[in-house]
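Given next are the chains, with one letter for each unit.
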Amino acid sequence: MMTAREFAVRWTTCRPQRDAGQAALLLVFSVAVLMSIAVALIAIMGRGVTVETEARTASDAAALAAAQGYVDAVEDHLGNLPVTPGLAIGHVRQILDQPRSAWTTRSKDEAARLAAANGSRLTAYTVNPAPLSLRFVTKSRATAVTVEGGSKRPEFDATAEVRLTGGPLCFRNGDLGLWWAGECLRGEEMVIEPPVVEPPTEEPTPTIPPDPDGPVIIGGDDLTTLLNLLRQPITWQVALVE
């Protein structure tokens, strides 16, 4: 049987060891909690970065799709240019007379489609004229939130530019025109005469000199030249600028 002195010596020897074991367990528990918190924070931050990256990509894709949709609309119109010169004049007049909005319907639809395909919704769309180009500005908002259970949806805007780099088409104040005799002509600035189908008369019609301040008149061989140019490939430049 242990004496009181022996029991006191043994208790003093064992107690620090038991305290050390409890401290080790507490340390392991604390590290586990901190690691769980760190993992949760990393997951939240990673989700936010992913959603923002996807939203920015969606905005860029929407702007480029808007610009390309405009190009496709014009190209389709030129691709349907009738072979008969008399019928082709109506197509050419549409290029000269139609407002900018007539060519941008597909453009907006394409922007909305690409934004949705990249997990966002198109929230704004504008077309701005530039000196020698046309700019498509889009804004897209992510459909996903940056934090689970939160409400923040990142939104970004982007601008794509369309330039004509070759062919008879040109931009003037953001509207399409025809490049002819060193000028970009629109509307009433150009008169396109239909081809003559009647046989020539014995007495030639007197030639009236053109009015220097009047519209440019295109007919005969000039009309043939213009239509041949419009049937050639048009070169465009489409790129993000902002």
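As the structure is a prediction and not an experimental result, all values here were calculated from the model.

1. Some words on the sheet that holds strand β4 (residues 169–172)
1) Next: An order of β4-β5-β6 is seen for the 3 strands of this open sheet, with the pairing classed as antiparallel. Bordering the open sheet on either side are β4 and β6 (183–185), each of which pairs with just one other strand. Neighbour-to-neighbour, the strand axes of the sheet open up by a mean angle of 50°, direction not taken into account.
2) Next: Note that β4 and strand β5 (residues 175–180) share 4 bridges and pair antiparallel. Its bridge partner lying in β5, Leu 169 is registered against Leu 178.

2. A short note on the pattern of salt bridges
1) Next: Within this structure, the stated rule accounts for 8 salt bridges.
2) Next: For the salt bridge of Glu 161 with Arg 163, the shortest nitrogen-to-oxygen distance reads 3.1 Å.
3) Next: Among the charged side chains, a network of salt bridges with common partners joins Arg 135, Glu 161 and Arg 163.

3. Brief notes about the packing of aromatic side chains
Any aromatic ring pair is given by two values, namely how distant the centres are and how the planes are angled relative to each other.
1) Next: Counting across every chain of the model gives 2 aromatic pairs.
2) Next: Ring centres of Tyr 70 and Phe 136 lie 5.6 Å apart, and the angle between their planes is 55°; this geometry places the pair in the tilted category. Remark: Phe 136 occurs in strand β2 (residues 133–142) and Tyr 70 occurs in helix α1 (residues 4–79); sequence separation between them is 66 residues.
3) Next: For Tyr 70, a relative accessible area of 1% translates into the label buried.
4) Next: Residue classification places Phe 136 among the buried residues on the basis of a relative accessible area of 0%.

4. Points about the packing of helix α2 (residues 85–97) against helix α4 (residues 221–230)
1) Next: For the pair α2 and α4, the least separation of the axes is 11 Å and the interaxial angle reads 65°. The two elements α2 and α4 cross, and the hand of that crossing is left-handed. Contact residues: α2 offers Pro 85, Ala 88, Ile 89 and Val 92, while α4 offers Leu 223, Leu 226, Leu 227 and Leu 230.
2) Next: Tallied by class, residues from the contact of α2 with α4 come to 8 nonpolar, no polar and no charged.

5. Things to note about unusual backbone geometry
Trans peptide bonds make up the majority, and among non-glycine residues the majority have a negative phi.
1) Next: Not every positive phi belongs to a glycine, and Asn 173 is a case in point at roughly 55°.
2) Next: Within the element layout of this structure, Asn 173 appears in the loop between β4 and β5.
3) Next: On the basis of relative accessibility, which here comes to 56%, the residue Asn 173 falls in the exposed class.
4) Next: A positive phi angle, near 55°, is found at Ala 181, a position not held by glycine.
5) Next: Ala 181 sits in the exposed class, given a relative accessible area of 69%.

6. Looking at the nonpolar core
1) Next: Counting residues in each nonpolar core, the largest one holds 41 residues, and the members touching the most others are Tyr 70, Phe 136, Leu 169, Leu 176, Leu 178 and Trp 236.
2) Next: Here this core gets 8 residues from one element, more than from any other, and that element is α1.
3) Next: Those residues in contact with Leu 169 that lie beyond four places of it in its chain are Val 74, Leu 78, Ile 95, Leu 164, Leu 176, Gly 177, Leu 178, Leu 230, Ile 234 and Trp 236.

7. Quick word on the sheet that holds strand β9 (residues 235–240)
1) Next: Pairing is antiparallel across the open sheet formed by 4 strands, whose spatial order is β1-β2-β3-β9. The open sheet has two edge strands, β1 (120–130) and β9, and neither has a second partner. On average, adjacent strands in this sheet sit at an angle of 20° to one another, irrespective of strand direction.
2) Next: Summarising the sheet, β2 and strand β3 (residues 155–166) pair through 9 bridges and their orientation is antiparallel.

8. Things to note about the confidence of the model for the protein chain
1) Next: Averaged over the protein chain, the pLDDT score is 80; the fraction of residues at 70 or greater is 70%.
2) Next: Within the protein chain, α1 has the poorest average pLDDT of any element, 68, and β9 the best, 95.

The rules behind these values
- Residues numbered from 1 in each chain as written.
- Predicted model: local features only at pLDDT ≥ 70, side-chain atom pairs only at ≥ 80, totals over all residues.
- Heavy atoms only, no water.
- Pairing = 2+ DSSP bridges.
- Helix = DSSP H or I, 4+ residues; strand = E, 2+ residues; numbered from the N terminus.
- Axes fitted to C-alpha atoms, helices over the stretch in contact; angles between N-to-C directions.
- Salt bridge = Lys/Arg side-chain N within 4 Å of Asp/Glu carboxyl O.
- Phe/Tyr/Trp six-rings, centres within 6.5 Å; stacked < 30°, edge-to-face > 60°.
- Buried < 20%, exposed > 50% of the residue type's maximum accessible area, 1.4 Å probe, protein only.
- Left-handed = near helix turned anticlockwise from the far one by under 90°.
- Contact = heavy atoms within 4.5 Å.
- Nonpolar A, V, L, I, M, F, W, Y, C, P; charged D, E, K, R; others polar.
- Core = buried A, V, L, I, M, F, W, Y, C linked by side-chain atoms within 4.5 Å.
- pLDDT = per-residue confidence, 0-100.

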